[in-house]
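This is what each chain is made of:
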Amino acid sequence: TLIDPTIDIHLTPDYASRALRADARAGLTAEPKWLAPKWFYDARGSELFEQITRLPEYYPTRAEREILDARAGEIAALTGAHTLVELGSGSSEKTRLLLQALHDHGTLSTFVPLDVSEVALRDAARAINADFPALTVHGVVGDFTAHLDRLPGEAPRVVAFLGGTIGNLLPAERAEFYTSVRAALEPGEWLLLGTDLVKDPDVLVRAYDDAAGVTAEFNRNVLRVLNRQLGADFEVEAFSHRAIWDPENEWIEMHLRADRAMSVLIPEIGLEVEFAEGEELSTEVSAKFRREGVEAELTKGGFAAGAWWTDSEDRFALSLWQA
Ligand code: AVJ
């Protein structure tokens, strides 16, 4: 029989809607305008992202899975983890690979998925519980940039932050994130990190501007989120998708370009926003990494290098760090 998993809630019910309002106000009154990438992921946005992961141009998901397929056993042997903490998801195939390897190694007792969405977390927790009936699933509803203290689970724990999502944080935010993960862990515990690597800009731009236009729809979806959640009247089809490689910062930036001048009303935050023709709204930074850079940042954050693995085409890296 399945027991309902334990869920700790560190967020108030209105956390997301308050954060969206604050972000929309800050970003849409800034010069240049911006919106944070976390607002892509309503139900439709999450489904579009799933589609992106299956596109021929979008290699990161397949490359990371290849590494996990090859290395999950080594990760289990190196860490001897009793607890797997996963930041940001919890139902994916990649999670199952890690859980299976830790289970086979004989040390796994607890899985701790952490997500801002309680619904997503309950679904993930139940699905994992069904496949790993002996596992204690202890979910945490929280924001990984703010609620890493008091992570449950028996030591040693591995905190997995996969998919290259670390690339959505700006350098200062990454530094803060590494410091807070380090503070949440006891010495000897682990961080498992997925990072997309710097490569041919054409390959990168294609991965963020696919021929089928799925990424364009994903990008525009953030305007639909604002229309629905804040009563805004963005004319979604009047914005074009742009993916730009910034060689100085070594990141991909996604923009939405206003194809003509327009004025947008956002009643729920009492804002009227003007767009000039051709004005670009920044919606996501997706940083790409080099080994030296990752090592420098993690070392500064107080971690010691454990392992560095890449896929057969050196497109993506999975690295293990010890607190
Ligand atoms: C989920 C943040 C890793 O940056 O590659 C995919 C999101 N954006 N296509 C990424 C994304 C455009 C993705 N992450």
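- The name given to the protein in an unreviewed UniProt entry is Histidine N-alpha-methyltransferase, with the source organism recorded as Kribbella deserti.
- Per UniProt, the protein has the following entry under Subunit (unreviewed entry): "Monomer."
- Turning to the protein, the UniProt annotation filed under Pathway (unreviewed entry) states: "Amino-acid biosynthesis; ergothioneine biosynthesis."

1. With respect to the site of the ligand
Working step 1: Around the ligand, the neighbouring residues are Ile-52, Pro-60, Gly-163, Gly-164, Thr-165, Gly-167, Asn-168, Tyr-208, Thr-215, Glu-284 and Ser-286.
Working step 2: Grouping the constituent residues of the shell around the ligand by class yields three nonpolar, seven polar and one charged.

2. A closer look at the pairing of strand E7 (residues 239–246)
Working step 1: Where E7 lies against strand E8 (residues 251–258), eight bridges are found, and the strand directions are antiparallel. Across the sheet, residue His-241 finds its bridge partner in E8, namely Leu-256.
Working step 2: Between E7 and E8, which follow one another and run antiparallel, lie four residues, and Glu-250 among them has a positive phi close to 55°.

3. Quick look at the pairing of strand E5 (residues 157–161)
On a regular strand, one side chain projects to one face of the sheet and the next to the other, so that they alternate.
Working step 1: Burial runs high along E5: five of the five residues are buried.
Working step 2: Of the two faces of E5, the one holding Arg-157, Val-159 and Phe-161 and the one holding Val-158 and Ala-160 are both buried throughout.
Working step 3: The sheet contact formed by E5 and strand E6 (residues 190–196) spans four bridges and is parallel. Following the sheet pairing, Val-159 is matched in E6 by Leu-191.

4. Some remarks on the environment of Trp-251
Working step 1: Following the sequence through the fold, Trp-251 ends up in strand E8.
Working step 2: C-beta crowding within 10 Å serves as the criterion here: with 22 such atoms nearby, Trp-251 is assigned to the buried category.
Working step 3: The residues contacting Trp-251, other than those within four sequence positions of it, are Gly-167, Asp-246, Val-285, Ser-286, Ala-287 and Lys-288.

5. A closer look at the sheet that holds E7
Working step 1: Pairing is antiparallel in the open sheet, where three strands are placed in the order E7-E8-E11. Edge positions in the open sheet fall to E7 and strand E11 (280–287), since each of these has one partner strand only. Averaged over all neighbouring strand pairs, the angle between strand axes comes to 20°, with direction disregarded.
Working step 2: Where E8 and E11 come together, seven bridges link them in antiparallel fashion. Bridge assignment links Glu-253 to a residue of E11, and that residue is Val-285.

6. A closer look at the UniProt feature "binding site: L-histidine" (unreviewed entry) in the protein
Working step 1: Look at the UniProt record and you will see "binding site: L-histidine" (unreviewed entry) annotated at Tyr-58, Asn-168, Tyr-208, Glu-284, Val-285 and Ser-286.
Working step 2: Relative to the elements of secondary structure, Tyr-208 occurs in the loop between helix H7 (201–207) and helix H8 (214–230).
Working step 3: Once residues within four sequence positions are removed from consideration, Tyr-208 is found in contact with Thr-215, Ala-243, Ile-252, Met-254 and Ser-286.
Working step 4: By the element assignment, Ser-286 lies in strand E11.
Working step 5: Overall, Ser-286 belongs to the buried group, with 20 C-beta atoms counted inside 10 Å.
Working step 6: Apart from residues lying up to four places away in sequence, Ser-286 is in contact with Gly-167, Asn-168, Tyr-208, Trp-251 and Ile-252.

7. So, the packing of helix H3 (residues 60–79) against helix H4 (residues 93–105)
Working step 1: For the pair H3 and H4, interaxial distance at closest approach is 8 Å and the crossing angle is 25°. When the interaxial angle is binned, H3 and H4 end up roughly parallel. Along this stretch, H3 crosses H4, giving a crossing that reads as right-handed. Mapping the contact onto sequence places Glu-64, Arg-65, Leu-68, Asp-69, Ala-72, Gly-73, Ile-75, Ala-76 and Ala-77 in H3 and Glu-93, Lys-94, Leu-97, Leu-98, Ala-101, Leu-102 and His-105 in H4.
Working step 2: Within the contact of H3 with H4, the residues separate by chemical class into nine nonpolar, two polar and five charged.

Calculation criteria
- Residues numbered from 1 in each chain as written.
- Predicted model: local features only at pLDDT ≥ 70, side-chain atom pairs only at ≥ 80, totals over all residues.
- UniProt positions renumbered as here; feature names shortened; annotations may be inferred.
- Near = placed C-beta within 6 Å.
- Nonpolar A, V, L, I, M, F, W, Y, C, P; charged D, E, K, R; others polar.
- Pairing = 2+ DSSP bridges.
- Helix = DSSP H or I, 4+ residues; strand = E, 2+ residues; numbered from the N terminus.
- Buried ≥ 20, exposed ≤ 12 C-beta atoms within 10 Å, placed from the backbone.
- Contact = placed C-beta atoms within 7 Å.
- Axes fitted to C-alpha atoms, helices over the stretch in contact; angles between N-to-C directions.
- Parallel < 35°, antiparallel > 145°, perpendicular 65-115°, else oblique.
- Left-handed = near helix turned anticlockwise from the far one by under 90°.

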